[in-house]
Amino acid sequence: MPDSRPQPPPRPPSSAPFPDSADPAPLLLCGARLTDGRTVDVRLGGGRIEAVGTAGSLASDGTGADGTRVDLTGYLLLPAPAEPHAHADTALSADAGGPVSYDPQDVQRRTAEAALLQLGHGATVLRAHVRVGGVAGLGALNAVLRARRSLRGLAELTTVAMPRVLTGVAGADDLAVLRDAMKMGASVVGGCPDLDPDPTGYVEAVLEVASEHGCPVDLHTDATDPARLARFAAMAGGLRPGVALGPCGGLARFPAEVAARTADRLAANGVTVVCLPQGGCGDADHRGTPPVRLLRSAGVRVAAGSGALRDVSNPAGRGDPLEAAYLLASLHGLPAEDAYDAVSASARAALGLPEVRVEAGFPAELLAVRGDRLSAALSLAYSRVVVHRGRVVARTSAVREYCGPAAEELGLPRQGRSEAP
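Residues numbered from 1 in each chain as written. Predicted model: local features only at pLDDT ≥ 70, side-chain atom pairs only at ≥ 80, totals over all residues. Heavy atoms only, no water.

Some words on the pattern of salt bridges
Point 1. Following the criterion strictly, the structure yields 15 salt bridges and no others.
Point 2. Of the charged contacts in the structure, one is a salt bridge between Glu50 and Arg43, with a shortest N-O distance of 3.3 Å.
Point 3. The closest approach of N and O atoms between Arg389 and Glu156, which form a salt bridge, is 3.2 Å. Of this pair, Arg389 sits in the loop between β15 (384-388) and β16 (391-396) while Glu156 sits in strand β8 (residues 156-162), and the two are 233 residues apart along the sequence.
Point 4. Shared partners join several salt bridges into a network, and the residues in it are Arg179, Glu208 and Glu212. (Salt bridge = Lys/Arg side-chain N within 4 Å of Asp/Glu carboxyl O. Helix = DSSP H or I, 4+ residues; strand = E, 2+ residues; numbered from the N terminus.)

This is the structure we're talking about:
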């Protein structure tokens, strides 16, 4: 059986090798193109962007103060994506056969491998939904938290505690486990109210625990009942630091006027909708993507996540934020800039993270993609360089060559570059 684990990609062709991810020296990113068409040098230091200047203007004066140079000629430089909806405890389990193993060692290994796969795609921050209570108990959460520690310096992983039932006699144990999960280190309260006999009571319990711990809420819902969704939004409206609902695929099946009213209520209550364009997840019975253009026009923050990553819910899931953006653009009519916003700026905001721009003073969370404009990058995002906290933490290199007389006569490019190889 072929090894499905992430493998170190080959180095991209460059005038200088890429630095090791453990290199603490400052970085100078040279010759990168921005979405506004400028070609720039970007100097990074202390985990932030120190300076952005025209190409060549930040070149080292020979003192070595600029640190290691990274040649990004032919790359588009973007704020790094964030992953707002992953399922770490079940990731990479589709080929195992039988029920998902919740053995702590299995969960820790799968979590780390899945996070590295998504980091290679560009996601430097991930929010993982983890089952607590029932068969999983607190073992899966503990394993994910251990994986988080092992990933320190490469990627940031936050956890959402997801109990199954929270109301009635059956829910008393899970409610106690949920409180223990928050004490253990989970940073977000979540779950799926649609699975509880009393969905409203479930949300009330979640909001109570979130208020006790001063943490965000991230709930799964198919959003098949507009009245229930509006009620959830109203209940969560006053909570800070924030509430996310997803994947909300049922919104796409509402009559237009009902969907519009629901979108207005979500916007009025400051609720973020996290959609899953690449497929569903184990807690979504009705797959589909909500009407993202309607939601955005109503003022709802729309973020896009990956959902299932090669588990039984989506055995072919890629966990690629650029694929999610591509699908929002190609299938749902969003401009490329808005589609990428859903996996970058809006996804970071949904996670309570600071904004990233390719400007001095902003966090050095960056993704360089081979291409000269955003639409091309979403279409052919093969070669990537990922920067987290000012360090290169992942590289993926792909070379496309056309062979034969016709290719030689036409001078066909490699990797989509405009220049000949």
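Structural notes on the side chain of Ser344
Point 1. Relative to the helices and strands, Ser344 is located in the loop between α9 (336-343) and α10 (345-350).
Point 2. Apart from the residues lying within four places of it in its own chain, the contact partners of Ser344 are Pro79, Ala80, Pro81 and Ala82. (Contact = heavy atoms within 4.5 Å.)

Quick notes on empty space enclosed by the protein
Point 1. Under the defined criterion, the tally for this structure stands at three cavities of 30 Å³ or more.
Point 2. Ala86, Ala88, Ala114, Gln118 and Leu126 are, among the 13 residues lining the largest cavity, the residues nearest its centre.
Point 3. Elements that contribute at least two residues to the lining of the largest cavity include exactly α1 (104-121) and β7 (125-131).
Point 4. In terms of residue count, α1 provides more of the lining of the largest cavity than any other element does, four residues in total.
Point 5. Broken down by class, the residue content of the lining of the largest cavity amounts to nine nonpolar, four polar and no charged. (1 Å grid on protein atoms, 1.4 Å probe; cavity = no way out; pocket = protein on both sides within 12 Å on 5 of 7 lines; lining within 4 Å. Points joined across faces, edges and corners; volume = space filled by probe spheres on them. Nonpolar A, V, L, I, M, F, W, Y, C, P; charged D, E, K, R; others polar.)

Concerning the environment of Gly134
Point 1. Note that Gly134 resides in the loop between β7 and α2 (139-150).
Point 2. Distance from Gly134 to Asp174, taken between C-alpha atoms, is 7.5 Å for residues 40 residues apart in sequence.

Comments concerning the confidence of the model for the protein
Point 1. Per-residue confidence for the protein gives a mean pLDDT of 87; residues scoring 70 or more make up 88%.
Point 2. Of all secondary-structure elements in the protein, the lowest mean pLDDT belongs to helix α12 (residues 405-410), at 69, while strand β13 (residues 302-304) reaches the highest, 98.
Point 3. Below a pLDDT of 50 lies the segment residues 1-23, which in the model reaches 44 contacts outside its immediate sequence neighbourhood of four places, other chains included.
Point 4. A low-confidence stretch, residues 415-421 stays under pLDDT 50, and its non-local contacts, those more than four residues away or across chains, total 12 contacts. (pLDDT = per-residue confidence, 0-100.)

Some remarks on the side chain of Arg127
Point 1. Tracing the backbone shows Arg127 in strand β7.
Point 2. The class of Arg127 is buried, set by a relative accessible area of 3%.
Point 3. Here Asp218 takes part through its side chain, which lies 2.8 Å from a polar atom of the side chain of Arg127.
Point 4. When near neighbours in sequence (up to four residues on either side) are disregarded, Arg127 contacts Glu83, Pro84, His85, Ala86, Thr158, Val160, Val188, Pro216, Asp218, Ala350 and Leu351. (Buried < 20%, exposed > 50% of the residue type's maximum accessible area, 1.4 Å probe, protein only. Polar contact = N/O pair within 3.5 Å; in protein donor to acceptor, adjacent residues only side chain to side chain.)

Overview of helix α4 (residues 199-213)
Because an α-helix packs 3.6 residues into every turn, residues spaced three or four apart end up facing the same way.
Point 1. The terminal C-alpha atoms of α4 lie 21 Å apart, and with 15 residues this matches the ideal 21 Å at 1.5 Å per residue to within 8%.
Point 2. For α4, every residue scored as buried is listed here: Pro199, Thr200, Gly201, Tyr202, Val203, Ala205, Val206, Leu207, Val209 and Ala210.
Point 3. Tucked inside the fold, the buried residues of α4 contact α3 (168-184), β9 (188-191), β10 (217-221) and α5 (226-236).
Point 4. The positive-phi residue at the C-terminal boundary of α4 is Gly214, with phi of around 60°. (Expected span 1.5 Å × (residues − 1).)

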